[in-house]
Amino acid sequence: MKKITYKFSSASTDYYFDASFSALGRLVNKKQSILIVDEKVFFHHAAKLKGWNIIVIKSGEQHKNQDTVNDIIQNLVQLEADRKTVLVGVGGGVVTDITGYVASIYMRGLTFGFVPTTLLAMVDASIGGKNGIDLGLYKNMVGTIRQPSFLLYDYSLLKSLPESEWINGFAEIIKHACINDAAMFKILKQNDLSSIRYSKKTLGELIERNAKLKTKIVQQDEFEKGNRKLLNFGHTLGHALENMYDLSHGQAVAIGMAYASVLSEKLNGFHESSRVIELIEQYGLPANLEFEKDEVMDVMKMDKKRERKEIHYVLLEKIGKAVVKPVTLRQLEQFIQQ
Ligand SMILES: NC(=O)c1ccc[n+]([C@@H]2O[C@H](COP(=O)([O-])OP(=O)(O)OC[C@H]3O[C@@H](n4cnc5c(N)ncnc54)[C@H](O)[C@@H]3O)[C@@H](O)[C@H]2O)c1
Ligand SMILES: [Zn+2]
């Protein structure tokens, strides 16, 4: 187990890389802690969870909402949770988002930590302190920014993760490589999903590298005034597609990254969109989709990142370097319609 502490503006987070779930008992007081897990994680890892206070929630994005928050709060009251209680979200991004949110509002705030159990949660969702829930189709509409006090990484929890969720996680890893880490782009190129998944060493190194990369970006800009926006690479179009079509988040983001790379060639002097597209496909992700262009434009116009007649779009300058540039709705329309 390797402990590294990262400081944020008003808190610090202890990251325990290469750890075992059983170490949790040393990080928190078992009696004063309550774990929040979803039903699938509970099913696969029930043996490890024995002896802990647990609230089980339904699995899936459709349950990342106020109803589930209310259920959890009811349970906390029943379990007599007080200000000394520590909440631990053990799960994917849905569980970590909702746990961080409940911990921020219950009794005006409890201490909380995460044990991420999906690749996506390990490299992305559990990091950075954004916690929240959806309101119908509006993703992450309600939430807080508050850092967890710890993150515990037990890579062996990923053994039960279905292939489709591995692929999802790789979309964010490819995103990180594109915006900030040309050397990792090469490592990804030289490997594939199974060579990474089944090598404990490669997997551990890759997860740690991605967790640190996202952490650095968040540290520089916790409240998303500048560079944190780079993490939205592929997400503007991606979110619109995800809402309208039956795509996973990773698939939608992959298509969004492919389009953003081509747009970067048109507007930002980028030359390597074919390399980005190849890497996306190498990891089982789609780089293209026939979509209803007018409708997708309409949804993108509603995007949170829009300011008046422009959208702040993340474009690549080269592999490993991204910039945020205003793109007018007209430019975007022309690009999408061609
Ligand atoms: N807060 C942030 O900065 C941030 C960043 C990125 C994503 N997110 C959020 O994260 C969520 C997506 O995260 P996700 O992809 O982890 O989704 P998820 O939590 O829904 O997990 C995906 C699926 O895997 C299952 N699962 C989880 N761990 C498992 C395991 N070890 N074995 C078997 N099955 C397991 C879950 O039950 C679920 O069915 C979205 O709600 C997104 O908005 C948040
Ligand atoms: Zn994402």
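A brief structural summary. Here the structure is a predicted model, which is why all the values come from computation and not from measurement.

**What about helix α3 (residues 66-78)?**
Next, step 1: Here α3 contains 13 residues, and its C-alpha end-to-end distance of 18 Å stays within 8% of the 18 Å for a straight helix at 1.5 Å per residue.
Next, step 2: Those residues of α3 that sit buried are T68, V69, I72 and L76. Around the axis of α3, the buried residues are gathered within 100 degrees of arc, so they sit on the same side. Exposed residues lying more than 90 degrees from the buried face of α3 are D67, Q74, V77 and Q78.

**Examining the sheet that holds strand β5 (residues 86-91)**
Next, step 1: Read across the sheet, seven strands follow the order β1-β2-β9-β6-β5-β3-β4 without closing on themselves; strand pairing throughout is mixed. Two strands lie at the open edges of the sheet, namely β1 (2-7) and β4 (53-57), each paired on one side alone. If you compare each strand with its neighbour and ignore which way they point, the axes differ by 20 degrees on average.
Next, step 2: Sheet analysis places β1 next to strand β2 (residues 12-17), joined by six bridges and oriented antiparallel. Bridging from a neighbouring strand, I4 pairs with Y15 of β2.
Next, step 3: Along the sheet face, helix α2 (residues 39-49) touches β3 (33-38), β4 and β5 and points at about 135 degrees away from the line of β3.
Next, step 4: Of the strands in this sheet, β3, β4 and β5 touch α3, which is tilted by about 160 degrees from β4.

**Notes on the pattern of salt bridges**
Next, step 1: Inspection of every chain in the model, using the stated rule, returns 16 salt bridges.
Next, step 2: Notably, a salt bridge pairs E224 with K130, separated by 2.6 Å at the nearest N-O pair. On the criterion of sequence distance, the pair formed by E224 in the loop between α9 (200-220) and α10 (235-244) and K130 in strand β7 (residues 130-135) is long-range, its members being 94 residues apart.
Next, step 3: Given the relative accessible area of 18%, E224 is considered buried.

**Here we look at the coordination of the zinc ion (ligand 2)**
Next, step 1: Taken together, the protein donors to the zinc ion (ligand 2) comprise E172 (OE), H235 (NE2) and H249 (NE2), at separations of 1.9 to 2.1 Å.
Next, step 2: The sequence motif formed by the donor residues of the zinc ion (ligand 2) is E-x62-H-x13-H. With H235 in helix α10 and H249 in helix α11 (residues 249-268), the pair connects residues that are 14 residues apart, well separated along the chain. There is no split in this pair, since H235 and H249 are both buried.

**A word on the site of ligand 1**
Next, step 1: Lining the immediate environment of ligand 1, one finds 26 residues, of which D38, E61, T117, T118 and S160 sit closest.
Next, step 2: Contact distances for ligand 1 include 2.7 Å between a nitrogen atom and a side-chain N or O atom of S160.
Next, step 3: At a separation of 3.3 Å, an oxygen atom of ligand 1 approaches a polar side-chain atom of K214.
Next, step 4: Bound to the protein, ligand 1 loses 90% of the 860 Å² it would expose on its own.
Next, step 5: Mapped onto the shell around ligand 1, the elements with two or more residues apiece are α2, α4 (93-105), α5 (119-125) and β8 (138-145).

**Here's the deal with the environment of R330**
Next, step 1: Mapping R330 onto the fold places it in helix α14 (residues 329-337).
Next, step 2: Since its relative accessible area comes to 63%, R330 is described here as exposed.
Next, step 3: Distance in space between the C-alpha atoms of R330 and A171 is 28 Å, their sequence separation being 159 residues.

**Here we look at the environment of E172**
Next, step 1: With respect to the helices and strands, the residue E172 is situated in helix α6 (residues 163-180).
Next, step 2: In this structure E172 comes out as buried when scored by relative accessible area, which is 1%.
Next, step 3: Through-space distance from the C-alpha of E172 to that of A125 is 9.9 Å; in sequence the pair is 47 residues apart.

Calculation rules
- Residues numbered from 1 in each chain as written.
- Chains lettered and ligands numbered in written order.
- Predicted model: local features only at pLDDT ≥ 70, side-chain atom pairs only at ≥ 80, totals over all residues.
- Heavy atoms only, no water.
- Helix = DSSP H or I, 4+ residues; strand = E, 2+ residues; numbered from the N terminus.
- Expected span 1.5 Å × (residues − 1).
- Buried < 20%, exposed > 50% of the residue type's maximum accessible area, 1.4 Å probe, protein only.
- Arc of directions from axis to C-beta.
- Pairing = 2+ DSSP bridges.
- Axes fitted to C-alpha atoms, helices over the stretch in contact; angles between N-to-C directions.
- Contact = heavy atoms within 4.5 Å.
- Salt bridge = Lys/Arg side-chain N within 4 Å of Asp/Glu carboxyl O.
- Donors = N, O, S within 2.8 Å, 3.2 Å for Na, K, Ca; no water.
- Near = heavy atom within 4 Å.
- Polar contact = N/O pair within 3.5 Å; in protein donor to acceptor, adjacent residues only side chain to side chain.
- Areas by Shrake-Rupley, 256 points an atom, 1.4 Å probe, with all protein chains shown as cover.

By themselves, these figures tell us nothing about what the structure is for.
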